[in-house]
Amino acid sequence: MDQHRRDFIKITGLGLASAALPPGVSGMPQIHSAGAQQFNMCNYAAPKLETVRIGFIGLGNRGMAAVERMNKIAGVEIRAVCDLREGKVAEAIQLVAGNGHKPQGYHTAPDAWKKLCERNDLDLVYIVTPWALHTPMAVFSMNHGKHVCVEVPAAKTIDECWELVETSEKTRKHCMMTENCCYDFSELLTLNLARQGFFGEITHAEGAYIHNLQEYVFDKERFYQMWELKELSQRTGNLYPTHGLGPICQVMNINRGDAMDYLVSMSNNDFVMAGTARSLAANDPDFKPFVGRPFNGMMNTSTIRTKKGKTIMVQFDVASPRPYSRIQLVSGTKGAALKYPEPARISQGHEWLSPEAYKALETAHTPPIVKKIGEAAKQVGGHGGMDFLMDWRTIDCLRNGLPLDQDVYDAALWSSIGPLSEWSVAHRSNSIDVPDFTRGSWKTNAPIDISMEKGGTTGVRL
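What counts, and at which threshold
- Residues numbered from 1 in each chain as written.
- Predicted model: local features only at pLDDT ≥ 70, side-chain atom pairs only at ≥ 80, totals over all residues.
- Heavy atoms only, no water.
- Pairing = 2+ DSSP bridges.
- Helix = DSSP H or I, 4+ residues; strand = E, 2+ residues; numbered from the N terminus.
- Axes fitted to C-alpha atoms, helices over the stretch in contact; angles between N-to-C directions.
- Contact = heavy atoms within 4.5 Å.
- UniProt positions renumbered as here; feature names shortened; annotations may be inferred.
- Domains from an automatic or database assignment.
- Buried area = accessible area lost by both parts, 1.4 Å probe.
- Salt bridge = Lys/Arg side-chain N within 4 Å of Asp/Glu carboxyl O.
- Buried < 20%, exposed > 50% of the residue type's maximum accessible area, 1.4 Å probe, protein only.

1. Examining the sheet that holds strand β1 (residues 52-57)
Right, so step 1: Pairing within the open sheet is parallel, and its six strands lie in the order β3-β2-β1-β4-β5-β6. Bordering the open sheet on either side are β3 (104-107) and β6 (175-177), each of which pairs with just one other strand. Taken pair by pair, the neighbouring strands of this sheet meet at an average axis angle of 20°, ignoring direction.
Right, so step 2: Sheet topology note: the β1/strand β2 (residues 76-83) ladder contains six bridges and is parallel. If you follow I57 over to β2, its bridge partner there is C82.
Right, so step 3: Contacting β2 and β3, helix α3 (residues 86-97) runs over the sheet at an angle of about 165° to β2.

2. Some remarks on the sheet that holds strand β13 (residues 345-347)
Right, so step 1: Read from one edge of the open sheet, eight strands run β13-β12-β11-β7-β10-β9-β8-β14, paired in mixed fashion. Each end of this open sheet is capped by a strand with a single partner; those strands are β13 and β14 (432-433).
Right, so step 2: Here seven bridges tie strand β8 (residues 260-267) to strand β9 (residues 300-306), and the two strands are oriented antiparallel to one another. Note that in β9 the partner of V264 across the bridge is T303.

3. As for the UniProt feature "domain: Gfo/Idh/MocA-like oxidoreductase N-terminal" (unreviewed entry) in the chain
Right, so step 1: The feature "domain: Gfo/Idh/MocA-like oxidoreductase N-terminal" (unreviewed entry), as annotated in UniProt, sits at residues 52-177 in this numbering.
Right, so step 2: When the span residues 52-177 is considered, its composition is 42% helix and 23% strand, and the gap between its end C-alpha atoms is 17 Å.

4. Comments concerning the domain arrangement of the chain
Right, so step 1: Splitting the chain by domain gives domain 1 (52-180) and domain 2 (181-367 + 409-443).
Right, so step 2: Each side of the interface is counted separately: domain 1 has 24 residues, and domain 2 has 28 residues.
Right, so step 3: Taken together, the two surfaces of domain 1 and domain 2 that pack against each other cover about 2400 Å², and 64% of this comes from carbon and sulfur.
Right, so step 4: On the domain 1 side of the interface with domain 2, the three residues burying the most area are W131, K156 and E179, jointly 28% of the side's total.
Right, so step 5: The interface formed by domain 1 and domain 2 holds three salt bridges in total.
Right, so step 6: With a closest N to O distance of 3.0 Å, K156 and E231 form a salt bridge.

5. Re unusual backbone geometry
Right, so step 1: A cis amide bond, omega -15°, links V152 with the succeeding residue P153.
Right, so step 2: A cis geometry characterises the amide bond from E342 onward to P343, with omega recorded as 10°.
Right, so step 3: Considering the arrangement of structural elements, one finds P343 in the loop between β12 (336-338) and β13.
Right, so step 4: Of note in the backbone geometry, R428 takes a positive phi value of approximately 50° without being a glycine.
Right, so step 5: By the secondary structure assignment, R428 is in the loop between α15 (408-426) and β14.
Right, so step 6: Look at R428 and you get exposed, because its relative accessible area is 79%.
Right, so step 7: At R439, a residue that is not glycine, the phi angle is positive and equals roughly 50°.
Right, so step 8: Within the fold, R439 resides in the segment after β14.
Right, so step 9: With relative accessibility at 22%, the residue R439 sits in the partly exposed group.

In structure tokens:
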């Protein structure tokens, strides 16, 4: 038993070994990893790639959309695509043929993706698969000399988070979680204003993923083999924290001047999904395995305290009939910003700015990346253009030998809120330390560069 666990038991009086835990939740996660940082991947600039040769794994809803976006970026060669379904592979090959891409297809065999990763003519593997496959595929790709873009969350367990970090450091290959909400136009404006001191010192922030997904998770065609329904019926906590959390962490310079310290988490009961499963199972045997499952609670609320004494609140709810919200509240000593409910608002006092004043502020402080590529991004689309901004920026950084906006420490930290919240919920909302995946480098790591003074040379095919 490590010292951290002994100290925890001593302080709380909890016998963790005998605690009754939900399925899938074990004792104290491995918060601290042995050994020193092998190499600091924060602000690491890999060698320039004139052309970024890409292979895609996963061609479902978001995977095919990613292929379509990359097809519109110059300096890219789509050389390989992979999915279990041969028809999806054929669809992707046809989609990109008009721009001269001739990717090889991999399909059918469960491990066909490994052959893609083993190719010696790829620079980047873009992973858009069910959550359980994210870390194994990312680690395998990096170990075969590829940079990685991996969908959210990048990992499901703390061990997986450490595996991503240690593999990226060892191979010096980027592992970027494709957190598209960091490129939302409103969130980018908030980040730009925060950098200029508009809000003063940021003291508190709130994010969320509140999105009624019942019609999707119970749709057998939406998520292949109903993988997301399986996730929601096996785990209890904040299973999808990164959309609300990512932009907040960038505004608060988490991993780059501050770090998360500890977390507490609470979930209410499920009042809807188990009943839906029972109702569907009465007429469809495919849903019978879900009857009696302990579905995730309707709402999870997790609160985090940072090393510098600031706070973050993150919520997760995909079952309540509520309007979509990521909250995106940023509160400082001089002002505040709030995106949801829309329209987005900004204040420096007791009242929100008028729509006219907000527009003037937005015009005067439009972030450089939005000035550069914002209109093209809106034309391409993808959640209002933020998906395209993310992909274009990633390719432009790789082509110009610039650090990526999100590194492996962000991928690990933001993803870790999932398993940490599960542990806290299972232990009556006791606090749990948040791992420092930077191993102390957060104290000197520089914030991400949003100036666009370098790069910006990558074209767009509209």
